[in-house]
Amino acid sequence: MQNYIITSDTTCDLPLSYTTEHGIEIIPLYYNMDDVVYGDEVNMEPSEFYNKMRNGKMPTTMACNPEVVEKCFRKYLDQGLDVLHISFSSALSSSYNTTAVIARDLSEEYKNNKVIVIDSKCASMGEGLFVYKAVQNRDNDMSIEDNVKWLEDNKLHFCHQFTVDDLHHLHRGGRVSKAAAIIGTMINVKPVLHVDNEGRLIPLNNVRGRKKALNALVDNMEKTCKGYDNDIVFISHGDCLEDAQYVAEQIKARLGIQNFMINYVCPTVGAHSGPGTLALFFMGETR
C-alpha cells in the first residue's frame, strides 16, 4: 500500500465506519444553531438538526478552522507521510482556498514530503465518491502523484443529481427568487438540480410532485452513466431515508446496480438545502 494519508471535509458525508476503516481523517466545517457552534467536539445528530429546521430554526455555516487544518497536516508530515486532501467545492466554500494556502506553506517547510490539496468541485456524497475513488486507487498501490492525476482527469465525470422538498431554503441561499419559491410551493413544484463543472449548484428543470422529482434523478442518471463503471452508487438525504431507499430500488430495477452507500446530508450542506433533500451521485459522461 502506498505511504500517504487521505483527508477530507465533513461535507463528504461519508459514514464514520467507512472513514475509520480506511484511515481517512475528516476536517470539520462548522455551523451555528441557537448560538451554539457545532463541528468539533460539540455535534448534533442529523435527525435532530433537521427536526429543528422543520420547526423554523435557521442555521448559519462557517468554513474550516485554519489552525485545525494545519494541526492535521502537520501530524502526518511529522510522521514522514505525504498528505492528499480532497476538498469541498471551492464554488461553495472558502475551505479549499484555506487548505491550499496552508498546504503551500507547509510544503516550503517539509521539503521531503508532499501535501496536495484537490478542489473536488463536488458536494456531499459527490465529494464522498471522490474520496472513495481516491481510496480505491491508493489501496491498489497507486502513487500519490498518479492518484492526483487520475482524480483531476476524471473530476468532471463525478455526477450530482438532487432535489429539495422546500424551495424556501434554496431562496435563502440565492438559488431561486422569493417569487419562484412562493409560487413553486403553492403549485408543488420540485426542482431538479446538479453540480456543474465549476462546482456550483445549478437548476436543471422543475417537475410537479415529489415522486416525479425522485424518478427524474434516476432518468438523468440513466441518460448519463452508460459506459461508466458504477460498482457502487452514493445517495445522501436530508432526513428522508425512505426516499433514498426508493431511489436505490429504482436504480436496481432499471440499471441493475446492486451496491449503494446511503447517508445523511451533513448539517453544513443541509443548512442550505433543508430537510427532504435527496441527492444521487455516480460516474457518468458529463455532469
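Below you will find a few notes about this structure. Per chain, residues are indexed from 1 in the order of the written sequence. Residue-level local features of this predicted model are given only where pLDDT is at least 70; pairs of side-chain atoms are given and counted only at 80 or more, and the full residue set underlies all totals for whole chains, interfaces and linings. Only hydrogens and water are removed before side-chain values are computed, so all heavy atoms of the structure are retained for them.

### Overview of the packing of helix H3 (residues 66–77) against helix H4 (residues 95–109)
- The contact between H3 and H4 brings their axes to 10 Å, and the two run at 40 degrees. Considering their axes alone, H3 and H4 lie oblique with respect to each other. Considering the relative orientation of H3 and H4, their crossing is right-handed. Of the residues in H4, those touching H3 at Pro66, Val69, Glu70, Phe73, Arg74 and Leu77 are Thr98, Thr99, Ile102, Ala103, Leu106 and Glu109.
- Of the residues assigned to the contact of H3 with H4, the class counts are seven nonpolar, two polar and three charged. To define axes, lines are fitted to C-alpha atoms, for helices over the stretch in contact only, and angles between the resulting N-to-C directions are given on a 0 to 180 degree scale. By the criteria applied, helices consist of DSSP H or I runs no shorter than four residues and strands consist of E runs no shorter than two, each listed in order from the N terminus. Small angles under 35 degrees read as roughly parallel and large ones over 145 as roughly antiparallel, with 65 to 115 read as roughly perpendicular and the rest as oblique. In this scheme, a crossing is called left-handed if the near helix is turned counterclockwise away from the far one by less than a right angle; it is called right-handed if the turn is clockwise. Whether two residues are in contact is decided by their heavy atoms, any of which lying within 4.5 Å being enough. Amino acid classes used here: Ala, Val, Leu, Ile, Met, Phe, Trp, Tyr, Cys and Pro are nonpolar; Asp, Glu, Lys and Arg are charged; the rest, including Gly, are polar.

### Comments concerning the sheet that holds strand S4 (residues 36–38)
- Taken in spatial order, the three strands make up an open sheet running S4-S3-S5, and their pairing is antiparallel. In this open sheet, the two strands that pair with only one neighbour each are S4 and strand S5 (60–62). Neighbour-to-neighbour, the strand axes of the sheet open up by a mean angle of 25 degrees, direction not taken into account. When DSSP finds two or more bridges between two strands, those strands count as paired.

### Brief notes about the pattern of salt bridges
- Salt bridges are defined as contacts in which a side-chain nitrogen from Lys or Arg sits within 4 Å of a carboxyl oxygen from Asp or Glu. This structure, assessed with the given rule, holds 20 salt bridges.
- One salt bridge connects Arg138 with Asp139, and the closest N-O pair in it is separated by 3.0 Å.
- Only protein chains enter the calculation, and the probe is 1.4 Å; a residue is then buried if its accessible area is under 20% of its type maximum, exposed if over 50%, and partly exposed in between. Judged by its relative accessible area of 5%, Arg138 falls in the buried class.
- Through salt bridges with shared partners, a single ionic network connects Asp34, Lys52 and Lys57.

### Section: the environment of Gln2
- Mapping Gln2 onto the fold places it in the segment before strand S1 (4–9).
- The partly exposed category is assigned to Gln2, whose relative accessible area is 27%.
- Considering only alpha carbons, one finds Gln2 and Asp141, 139 residues apart in sequence, at a separation of 5.3 Å.
- Residue contacts for Gln2: discarding those within four places in its chain leaves Arg138, Asp141, Met142 and Ser143.

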